[in-house]
Amino acid sequence: LKQKFYSFINILGLTVGLTCSTLIIMYINDELGYDRFHHDYEQVYRMGISGKLAGQTFDAVRACAPMAATIAEEFPEVESSIRLYMWEGTAIQYEDRAFAEKSFLLADSNFFDFFDFNLLEGDPTTALKGPNKLVLSESAAIKYFDWQGPGDNSPVGKIVYVGNGGKTVEVSGIVENSPENSHIPYDVILSLISYGDSKNQTWSSANYYTYFRLKPGASIEETQIKLDGLVDKYVSPEIEQFLQKSISQLREQGDYYSYFVQPLADIHLNSNYMGEFKPNGNITYLYIFGAVALIIILLASINFMNLSTARSAGRAKEVGIRKTVGASRSMLSNQFLVESVLYAIISVIPTIILVYLFLTPFNNVSGKNLSYDIFLQPWLYIGLFLLALIVGVFAGTYPAFYLTSFNPVDVLKGKVRTGMKGKGIRSILVVFQFSISIILIICTLIVYQQLQLMQNRNLGFDKENILVIDNARKLGNQAISFRDDLIKYDEVVNASISENVPPHIDNNTVFRPEGSEDDHLMFLYGADNNHLSTYGYELIEGRYFDEKYGNDSLSLILNETAMKAAEWKEIEGKRLKTYFDTEEGEMRNIIGVVRNFNFMSMKENIRPLVFSKSENGNFLSIRLSKGNVAEKVKFIESKWKEITDNAPFEYSFVDQEFDELFHTEKQLGTLAVIFTGLAIFVACLGLFGLATFMSEQRAKEIGIRKVMGSSSQKIVFLLTKEFTKLVLISFIIAVPCSYMAMDWWLTSFVFKIDIGIMAFIIGGAGALAVSWITVGFQSFRAANQNPVTSLRSE
């Protein structure tokens, strides 16, 4: 109460630090909680395959159809196993309601026994047992049947139509919506046995997400060894028949094929392989956010230390008198520590209020759905109290040690000054604060530059204004005529049918150049004659598919990487042996080469790609003319409804799909800006307090200088000079630290910026400007005070 201004600065700084830390801890706790609600989750693993062929590596999170049953039968330590499959964009229709479900999951019959997803209606043991059984999520049940909850207008037993052929299936249950902290998304779940390919016994394919649960006490290391044995037992004979090479020959030339396992709880933060259900998180960013939380708490604590030691002369007589009348140093230390802890505990109250107020904006920025129910949990308040206790002790330890070190004789003789030792420590702490602030500014600028590169980089084609309908097979035999009719309208520049579209081209197979014994793994891109012009790919050699040259069904077009892999300089007379239509293989002519373009994430190198002629794909890409996009989408939807009898019109835009791939990085960038701003704010609070104190301590000096004719500008320069030196030292420390941190972060990107000097200049200049404004404001006030005020008592 005696030092209201300094108390306000301390409490505000600690409040900001505790608020940021609490929100970040909630975020980290949510990320770490993914998939941990399943029973015995520590014993559950997902399988994947890892391989290399002719220099091309692949890591995918799916396995073959027979894998789940095989490990359950042949591995005694495996308690149970299950397969999942995703039919993205499959349509469901009930009466006049029809929608394309983005997360259409197929699952084995033991789905509700293996995972702890809560079935609200239906029998968990039979809901997916047998063909043509469909379980709806809560949201899907509301969408199709206006379901209001268990026992109300139950859709169980109703018949709906699935897929382009209108297959009839029975609704057998209602399940809670897929939890936010689950890596497995679903809107609806169909019994996997309904899918004919589920009985496929091919081991060299990889289409099914396969999970297994180990018995208690079983070793995953022993299971991994047995999985390696399955390669020789089942996969090797197929590879030898397929490639005319044994698995041992492939290994001799540096190639391999193996299985790997992932603990269920590790998938969300440690898995970004080919074929993931959705983009996962990144544990590296949790370390970054945790470090930011710690940094902001440190900055707030440093403010407390600096202001406490700076005001030491004001409390020196108090310490001297207390020591004289018998107080021990430990008693005094405890008193100062209690004061420090009290500041931190007082800060808890506004922290809780701010966390409550900012939880929704934080959710919007971070992409989370953190619930307000957390405010009903006792651990929140216990945790905040403990955090405040730790911060209070940490922040108060040095001031308590420093303030109780005074000799009472010297104090009472008036010999105690603020001291060079205290000043030196304060300078070190200010340098630390501004080093951290400059590092955060520089890192934030570089993250922003990388995000701009990812958003604006030339992908090798024009990704803007391409609308994609992902259930084009619903058009049946009218697909081509519908495509051609659309092109006639002014709203449409071009349209194309394909089997897949960027950035989700993930179907790969083996190719062998004619006359070579080397096999190459290349991605397969089935598309029609219009595809090149619709997407704007650049043809650099030969021609594209064209009706005037015949049907081109046995023709292929390569990208530059595929040409390089085949070690060809030109395409004339070149042929590739393909295996995607026949097991024996088929020779196909190479008719053109397309310039490289990104068809996957920009974190990936551009892989070998092969175009094949196809007009039976499920994707209809429509390049819209420039102008009002909403009106054009509405126009295309009306044409779609006319020809499909009100089939669901589900669409996406290619540019948005690419943006989604680095959604996590965008969130990181936004949060980095916010937390950097808050860190600088906390640092400036301390600087403002020190500048205020310094002005008070030197008030008489300033008054004398003004009386002697010194100008306000000279006085302001005198007062800011010391802090300017500290900021410059901070800049020298921050440059190498921020460079190493960003150089490490950028290694995860294939396409990345070069770290230029401008970010460092802006970071240093920004910190200097902020310090000048902070200190200069208070210095200017002090310099313009009437000298009579400070000298009238002399």
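Here the structure is a predicted model, which is why all the values come from computation and not from measurement.

> Explain the environment of valine 231 to me, and be specific about the residues and the numbers.
By the secondary structure assignment, valine 231 is in helix α5 (residues 220-243). In this structure valine 231 comes out as buried when scored by relative accessible area, which is 1%. Separated by 16 residues in the primary sequence, valine 231 and isoleucine 247 have C-alpha atoms spaced 8.6 Å apart. Setting aside its immediate chain neighbours within four residues, valine 231 contacts Ser236, Ile247, Arg251, Tyr257, Ser258 and Tyr259.

> With reference to specific residues and values, describe empty space enclosed by the protein.
With the rule as written, the count across this model stands at three cavities of 30 Å³ or more. Quantified by volume, the largest cavity comes out at close to 50 Å³. Met454, Leu459, Ser601, Met602, Phe658, Leu661 and Phe662 together form the lining of the largest cavity. Split by residue class, the lining of the largest cavity holds six nonpolar, one polar and no charged. By volume, the second largest cavity amounts to about 40 Å³. Of the residues contributing to the lining of the second largest cavity, the split by class is three nonpolar, three polar and one charged.

> Got a sec to walk through the nonpolar core? Specific residues and values, please.
Judged by nonpolar contacts, the single largest core of 132 residues is most densely connected at Met67, Tyr259 and Phe611. Take this core: its biggest share by element is 13 residues, from helix α13 (residues 420-456). Sequence-distant contacts of methionine 67, defined by excluding residues within four places in its chain, comprise Met47, Trp203, Thr210, Leu227, Leu230 and Tyr259. By size, the runner-up hydrophobic cluster in this structure holds 27 residues, among which are Met86, Val135, Tyr209 and Ile267.

> Explain unusual backbone geometry residue by residue, including any values.
For residues that are not glycine, phi is negative in most cases, and the peptide bond is trans in most cases. With omega at 0°, the peptide bond leading from proline 502 into proline 503 counts as cis. With respect to the helices and strands, the residue proline 503 is situated in the loop between β15 (492-498) and β16 (508-513). Phi at aspartate 35 is positive, roughly 65°, even though this residue is not glycine. If you trace the backbone, aspartate 35 turns up in the loop between α1 (4-32) and β1 (44-53). Judged by relative accessible area, which is 0%, aspartate 35 ranks as buried. Residue glutamate 95 is not a glycine yet carries a positive backbone phi of 55°.

> Before we move on, can you summarise the packing of α1 against helix α10 (residues 329-366) with the specific residues and values?
Relative orientation of the contacting elements α1 and α10 amounts to 45°, with a least axis distance of 7 Å. One element, α1, and the other, α10, form an angle in the oblique class. Remark: the crossing between α1 and α10 carries right-handed chirality. The residues of α10 that touch α1, namely those facing Ser7, Asn10, Ile11, Leu14, Thr15, Leu18, Thr19, Thr22, Leu23, Met26 and Tyr27, are Tyr343, Ala344, Ile346, Ser347, Val348, Pro350, Thr351, Leu354, Val355, Leu359, Phe362 and Ser366. Split by residue class, the contact of α1 with α10 holds 15 nonpolar, eight polar and no charged.

Reading guide: rules and limits
Residues numbered from 1 in each chain as written. Predicted model: local features only at pLDDT ≥ 70, side-chain atom pairs only at ≥ 80, totals over all residues. Heavy atoms only, no water. Helix = DSSP H or I, 4+ residues; strand = E, 2+ residues; numbered from the N terminus. Buried < 20%, exposed > 50% of the residue type's maximum accessible area, 1.4 Å probe, protein only. Contact = heavy atoms within 4.5 Å. 1 Å grid on protein atoms, 1.4 Å probe; cavity = no way out; pocket = protein on both sides within 12 Å on 5 of 7 lines; lining within 4 Å. Points joined across faces, edges and corners; volume = space filled by probe spheres on them. Nonpolar A, V, L, I, M, F, W, Y, C, P; charged D, E, K, R; others polar. Core = buried A, V, L, I, M, F, W, Y, C linked by side-chain atoms within 4.5 Å. Axes fitted to C-alpha atoms, helices over the stretch in contact; angles between N-to-C directions. Parallel < 35°, antiparallel > 145°, perpendicular 65-115°, else oblique. Left-handed = near helix turned anticlockwise from the far one by under 90°.

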